[in-house]
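In case you want the letters, here they are:
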Amino acid sequence: MTQAHVSVQTQDSAQARHNASATIAISLTVNGRAVSAVVEPRTLLVQFLREALDLTGTHVGCDTSQCGACVVHLDGEAVKSCTTLAVQADGRAVTTIEGLAQGTTLHPMQEAFREHHGLQCGFCTPGMIMSAVDLVARFGPGLDEPTIRDNLDGNLCRCTGYHNIVRAITAGAQAMGAPRDLAAE
Ligand code: FES
Ligand code: FES
């Protein structure tokens with residue numbers, strides 16, 4: 001059981017100091033591991049993952065729910081962790097990009113991104129892959145290009161032009177076969 005404490009102060013008002021002094025105990029599962037922690041009510045899930053658990057594969061590109069670099073799974077569904085509070089994950093299961101591979105064996109979607117050159121700088125890639133796995137869970141392995149493009153509008157990439165990302169997701173979906181039960185991860 002991991003104990004973690006997150007304390008991030010961003011305001012200087014009396015109210016902010018009062019809020020910062022209030023903490024909440026949470027217990028959750030992260031990548032299959034039980035975690036208990038004490039956090040401030042305002043702690044974002046992405047802060048908690050990166051700063052308390054050192055899971056820095058989840059990126060922050062905008063902090064305003066636009067870029068998708070921060071996507072993780074909460075009870076098997078893709079969420080933007082920059083606009084999800086850590087306390088909202090209490091009692092639930094979180095999967096990050098670090099939780100997809102099985103040991104040294106990449107997840108089929110990770111392997112498809114590697115094989116089809118679905119990344120350049122890689123900054124968007126963790127969020128892209130987490131969203132892609134969620135797409136397969138929702139639409140099945142026969143994803144077509146329009147469905148991928150329509151449903152990937154919450155993930156931005158500044159490098160690739162998206163063509164290879166779409167190819168990678170198409171191939172990754174086929175490799176995944178039947179939709180996985182992500183809630184069981
Ligand atoms: S950092 Fe969350 S959407 Fe950009
Ligand atoms: S690969 Fe650079 S932002 Fe997508």
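Please refer to the structure placed before this passage.
Residues numbered from 1 in each chain as written. Chains lettered and ligands numbered in written order. Predicted model: local features only at pLDDT ≥ 70, side-chain atom pairs only at ≥ 80, totals over all residues.

### Re the environment of Gly122
Looking at the secondary structure, you find Gly122 in the loop between helix 3 (108-115) and helix 4 (125-139). The class of Gly122 is exposed, set by 12 C-beta atoms lying within 10 Å. (Helix = DSSP H or I, 4+ residues; strand = E, 2+ residues; numbered from the N terminus. Buried ≥ 20, exposed ≤ 12 C-beta atoms within 10 Å, placed from the backbone.)

### Comments concerning the nonpolar core
Ranked by size, the top nonpolar core spans 47 residues in total, and within it Phe48, Ile129, Ala132 and Ile169 carry the most contacts. At the level of secondary structure, the elements contributing two or more residues to this core comprise strand 2 (24-30), strand 3 (33-39), helix 2 (45-52), strand 4 (71-74), helix 3, helix 4 and helix 6 (163-176). The leading source of residues in this core is helix 4, at seven residues. Residues within four places of Ile129 in sequence aside, it is in contact with Ile97, Met109, Gln110 and Phe113. (Core = buried A, V, L, I, M, F, W, Y, C linked by C-beta atoms within 7 Å. Contact = placed C-beta atoms within 7 Å.)

### As for the pairing of strand 3
Pairing geometry for strand 2 and strand 3, over seven bridges, is antiparallel. Each bridged residue has a counterpart across the sheet, and for Ile24 the counterpart in strand 3 is Val39. Between strand 2 and strand 3, which pair antiparallel in sequence order, lie two residues; one of them, Asn31, sits at a positive phi of approximately 50 degrees. (Pairing = 2+ DSSP bridges.)

### Regarding the packing of helix 3 against helix 6
Packed helices, taken two at a time, are described by the angle their axes make and the gap between the axes. Running from amino to carboxyl end, helix 3 crosses helix 6 at an angle of 145 degrees, the nearest separation of the two axes being 8 Å. Seen along the crossing, helix 3 lies across helix 6 with a hand that is right-handed. Only Ala168, Ala171, Gly172, Ala175 and Met176 of helix 6 make contact with helix 3, whose side of the interface consists of Pro108, Met109, Ala112, Phe113 and Glu115. Its residues placed into classes, the contact of helix 3 with helix 6 shows eight nonpolar, one polar and one charged. (Axes fitted to C-alpha atoms, helices over the stretch in contact; angles between N-to-C directions. Left-handed = near helix turned anticlockwise from the far one by under 90°. Nonpolar A, V, L, I, M, F, W, Y, C, P; charged D, E, K, R; others polar.)

### Structural notes on the packing of helix 4 against helix 6
Here helix 4 crosses helix 6 at 50 degrees, and the two axes come no closer than 10 Å. The angle between helix 4 and helix 6 places the two elements in the oblique class. Once helix 4 is placed against helix 6, the crossing between them reads as right-handed. From helix 4, Met128, Ala132, Leu135 and Val136 reach across to helix 6, where they touch Ile165, Ile169, Gly172, Ala173 and Met176. Considering only residue class, the contact of helix 4 with helix 6 consists of eight nonpolar, one polar and no charged. (Parallel < 35°, antiparallel > 145°, perpendicular 65-115°, else oblique.)

### Focus: helix 4
With 15 residues, helix 4 should reach 21 Å at 1.5 Å per residue; the first-to-last C-alpha distance of 20 Å fits that figure. Counting buried positions along helix 4 yields 11 of 15 residues, so the element is predominantly enclosed. Every buried residue of helix 4 is accounted for by Thr125, Pro126, Gly127, Met128, Ile129, Met130, Ser131, Ala132, Val133, Leu135 and Val136. Residues of helix 4 that are buried in the fold lie against strand 4, strand 5 (77-80), helix 3, helix 5 (145-151) and helix 6. Residue Gly140 follows helix 4 closely and has a positive phi angle near 90 degrees. (Expected span 1.5 Å × (residues − 1).)

### Section: the pairing of strand 4
In this sheet, strand 5 lies alongside strand 4 in antiparallel orientation, the contact comprising four bridges. When the bridges of strand 5 are listed, Val71 appears paired with Lys80. Connecting strand 4 to the next strand, strand 5, in antiparallel fashion are two residues, including Asp75 with a positive phi near 50 degrees. Inspection of the sheet shows strand 4 paired to strand 6 (residues 93-95) by two bridges, in the antiparallel sense. Its bridge partner being in strand 6, Leu74 is matched across the sheet by Val94.

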